[in-house]
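Geometric and topological summary
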Amino acid sequence: MTTRNPSSRPNVLIVGSGGREHAIAWRLAQSPRIGRIFAAPGNPGIGRLAACAPVGATDVAGLVKLAREAACNLVVVGPEAPLAAGLADAMRAQGITVFGPSAAAARIESSKHYAKGVMARAGIPTAHCEAFTDLGRARDAARAVAREAGGVVVKLDCLAAGKGVVVAGSPEEAARAVDELGAMGGSQGCKILVEERLAGPEASVMCLSDGVDIWVLPPARDHKRALDGDQGPNTGGMGAVAPARLVADAMLADRAMLAAIERTILRPAIEQMAAEGTPFVGALFAGLMLTSEGPKVLEFNCRLGDPETQAVLPLVDVDLLDLVEAACHGQLGRVGASASSGGVHYGLHSTCVVMASLGYPGHYEMGIPICVPDPLPTGVTLFHAGTALDDGKLVSAGGRVIGVVGVASSAAESRRLTYDVVGRIGFEGAHYRRDIGAI
Ligand code: AMP
Ligand code: GLY
């Protein structure tokens, strides 16, 4: 039976169970207008702010049923998989307001080939790229580019949870990358992309979009590699800082660069998608390389980044509920300033350090007890990811376990605050990077 929540205090369902979703719940819970918060499936940290329901993030029918039964006025979708599976479409078909793109628009992330097409048609700067269905031809092309340019990037044209990209140096490495990715994606019939290798620092710039207008969040820098010095295998993300430096100059220059990214990358992408009949409503994430020729897109994601969101949301000086609702109702233009024009705490800096299980991103044990200092120092927040309760005690239950986020008036102080708490968390064998915010 469907119930309705007639009050102006919206009930919100958050879909997902990671640090990103905990950060979203934490920020929404601060809204003076918020009704009840539900999460599916959530985690113990989210459970302190929301009622968690044991419904999987890709159980589309189960989530629609939950949203109706819990009288949710708004659904906020965290991860990409449910979006690619059509969760937003299924909610909208039931008249439920949802923050997240349609499956058609989510292809901006689920198909890198489609994303490249949007970029080409909109004139958005990105690396040159060719797509192949034939592994032999892909191997030849990858070898040739590596030989000529001294390197190449090989990508799988499917969602691959961060494992579908290999940056190769030599022609041999390039050929091996094609074989490896071909073996991963062959059964799904995924294309192989052979892409020009770009050079420069990376940044993640996210915006909320109502399909026409955008609201830009402060830029972040994430660290995907498992080990210090950006070494080791790729992971879901070991930490992030915000605001990220976009140019090696002062804050004013950073803002000018952010405005340029908005003008040449984010707005053209949203305008192009609308013009092609696939308007994008939700969070658009641009993974950028700041090359000597200006910022270029490495990838678009159809959702907020993780761990970037954990570092970014504490800096946003506007009610997240207002922002998300405005995005869902085509009214973002009315919300006012965004990061490029000043809607954030620009005097503040945040550092997020992810504490992961020993062995992550490879094999790891779960069920390790976790002991958290209580109270936490002012300015520090913990966001849960792979945690569970075992007989009421907090234990690890995944690869990335906890994000520690410290906010302060300088980058150095936010880093110190964060690592101070990281060092005081009892979690035997915890694996984390020591250099977040220092490189
Ligand atoms: P993606 O999932 O496409 O963002 O790629 C993952 C990581 O691979 C990025 O964060 C970059 O470090 C690297 N990468 C992807 N594309 C390129 C490129 N064209 N040139 C250099 N590095 C890249
Ligand atoms: N941290 C990168 C991502 O969320 O895809």
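Before reading further, recall that the structure is shown in the block above.
Residues numbered from 1 in each chain as written. Chains lettered and ligands numbered in written order. Predicted model: local features only at pLDDT ≥ 70, side-chain atom pairs only at ≥ 80, totals over all residues. Heavy atoms only, no water.

Points about the side chain of Ser31
The line we're drawing: Helix and strand labels come from DSSP, where a helix needs a run of H or I of at least four residues and a strand needs a run of E of at least two; each type is numbered from the N terminus. The cut-offs for exposure are 20% and 50% of the maximum accessible area for each residue type, with area from a 1.4 Å probe on protein chains only; residues under the lower value are buried, those over the upper are exposed, and the others partly exposed. Here, residues are in contact when the closest pair of their heavy atoms is within 4.5 Å.
Tracing the backbone through its elements, the reader meets Ser31 in the loop between helix 1 (19–29) and strand 2 (37–41). Given a relative accessible area of 5%, Ser31 falls into the buried group. When neighbours within four sequence positions are excluded, Ser31 is seen to be in contact with Asp319 and Leu321.

Focus: the site of ligand 2
The condition is simple: By convention in this text, a residue qualifies as near a molecule or strand provided that one of its non-hydrogen atoms is within 4 Å of it. Here a polar contact is taken to be a pair of N or O atoms separated by no more than 3.5 Å, where protein atoms must pair a possible hydrogen donor with a possible acceptor and residues adjacent in sequence count only if both atoms sit in side chains. Only the protein chains shown count as cover for residues, and all accessible areas are computed by the Shrake-Rupley method using a 1.4 Å probe. Charged residues are taken to be Asp, Glu, Lys and Arg, nonpolar residues to be Ala, Val, Leu, Ile, Met, Phe, Trp, Tyr, Cys and Pro, and polar residues to be all remaining types, Gly included.
Close to ligand 2 lie Asp222, Phe285, Asn301, Arg303, Gly305, Asp306 and Glu308. Interatomic distance of 2.8 Å between a side-chain N/O atom of Asp222 and a nitrogen atom of ligand 2. For ligand 2, an oxygen atom lies 3.0 Å from a polar atom in the backbone of Asp306. Out of a free accessible area of 200 Å², ligand 2 has 90% covered by protein chains. A class-by-class count of the residues in the shell around ligand 2 yields one nonpolar, two polar and four charged.

Topic: unusual backbone geometry
A cis amide bond links Tyr360 to the next residue, Pro361, at an omega of 10°. Structurally, Pro361 can be placed in the loop between strand 18 (349–356) and strand 19 (370–371). The omega angle of the peptide bond from Asp374 to Pro375 is 0°, so this bond is cis rather than trans. For Pro375, the position within the fold is in the loop between strand 19 and strand 20 (380–384). A positive phi is found at Ala71, a non-glycine position, where the angle reads about 55°.

A few points about the sheet that holds strand 12 (residues 221–222)
Strands pair in a sheet through their backbones, by hydrogen bonds, and they do so in one of two ways: parallel or antiparallel. Heads up, the rule is: Only strands that DSSP links by at least two bridges are regarded as paired with each other.
Reading across from one edge, 12-15-18-23-20 is the order of the five strands in this open sheet, with antiparallel pairing throughout. Edge positions in the open sheet fall to strand 12 and strand 20, since each of these has one partner strand only.

Focus on the pairing of strand 23 (residues 400–408)
Within strand 23, eight of the nine residues are buried, which leaves it mostly tucked inside the rest of the structure. Here strand 18 pairs with strand 23 via eight bridges, running antiparallel. Within the sheet, the bridge partner assigned to His349 lies in strand 23 and is Ala408. Strand direction decides the pairing type here: strand 20 and strand 23, joined by five bridges, are antiparallel. Note on strand 23: the bridge partner recorded for Leu382 is Val404.

Quick notes on the state of the cysteines
Let me state the cut-off plainly: Here, the term disulfide refers to a pair of cysteine sulfur atoms separated by no more than 2.5 Å.
Tallying each qualifying case throughout the model produces one disulfide. Here Cys158 is linked by a disulfide to Cys190, with a sulfur-sulfur distance of 1.8 Å. Where Cys158 bonds to Cys190 through sulfur, the torsion about that S-S bond is close to -105°, and the disulfide is left-handed. One end of the pair, Cys158, is in the loop between strand 7 (152–156) and strand 8 (165–168); the other, Cys190, is in the loop between helix 8 (171–185) and strand 9 (192–195), with 32 residues separating them in the sequence. One exposure class covers both Cys158 and Cys190, and it is buried. Lacking any disulfide linkage, Cys302 is separated from the closest cysteine sulfur, that of Cys207, by 12 Å. Among the residues examined, Cys302 registers a relative accessible area of 2% and is labelled buried. Not engaged in a disulfide, the cysteine Cys352 finds its nearest cysteine sulfur in Cys52; these two sulfurs lie 20 Å apart.

Here's the deal with the pattern of salt bridges
Put simply, the rule reads: Whenever a carboxyl oxygen of Asp or Glu lies within 4 Å of a side-chain nitrogen of Lys or Arg, that contact is scored as a salt bridge.
Taken as a whole and assessed by the stated rule, the structure comprises 24 salt bridges. With a closest N to O distance of 3.0 Å, Asp230 and Arg433 form a salt bridge. Of this pair, Asp230 sits in the loop between strand 13 (225–227) and strand 14 (231–234) while Arg433 sits in the segment after strand 24 (426–427), and the two are 203 residues apart along the sequence. As a salt-bridge pair, Arg424 and Asp420 come within 3.3 Å of each other at their nearest N and O atoms. In this pair, Arg424 and Asp420 are both assigned in helix 12 (residues 411–424), four residues apart and thus about one turn of the helix distant. Accessibility expressed as a relative area gives 34% for Asp420, which makes it partly exposed. When salt bridges with common partners are traced through the structure, they connect Arg221, Asp228, Asp230, Arg433 and Asp435 into a single cluster.

What to know about the site of ligand 1
Lining the immediate environment of ligand 1, one finds 15 residues, of which Glu195, Glu196, Leu198, Glu202 and Glu299 sit closest. One of the side-chain N or O atoms of Lys155 is found 3.0 Å from an oxygen atom in ligand 1. Within the backbone of Glu196, an N or O atom sits 2.9 Å from a nitrogen atom of ligand 1. Elements supplying a minimum of two residues to the shell around ligand 1: strand 7, strand 8 and strand 17 (294–301). Tallied by class, the residues present in the shell around ligand 1 amount to seven nonpolar, no polar and eight charged.

Observations regarding the nonpolar core
One recurring pattern in soluble globular proteins is that nonpolar side chains are buried together. Rules: In these notes, a set of buried Ala, Val, Leu, Ile, Met, Phe, Trp, Tyr and Cys residues joined through side-chain atoms within 4.5 Å is what counts as a nonpolar core.
Within the largest apolar cluster, 53 residues are counted, with the highest numbers of intra-cluster contacts made by Ile108, Leu266 and Phe300. With eight residues, helix 9 (residues 251–275) is the largest single contributor of residues to this core. Non-local contacts of Leu266, meaning those with residues more than four positions away in its chain, are made with Val205, Cys207, Ile214, Val216, Ile261, Leu284 and Ala286.

Topic: helix 8
How we decide: Multiplying one less than the number of residues by 1.5 Å gives the expected span of a helix. Arc definition: it is the arc formed by the directions from the helix axis to the C-beta atoms.
For helix 8, with 15 residues, the first-to-last C-alpha span of 21 Å sits near the 21 Å given by 1.5 Å per residue. If you check which residues of helix 8 are buried, you get Pro171, Ala174, Ala175, Ala177, Val178, Leu181, Gly182 and Gly185. The buried residues of helix 8 occupy an angular sector of 155° when projected down its axis, which confines them to one face. Facing away from the buried side of helix 8 by more than 90 degrees, the exposed set consists of Glu172 and Ala183. Those residues of helix 8 that are buried lie in contact with helix 7 (135–149), strand 7, strand 8 and strand 9.

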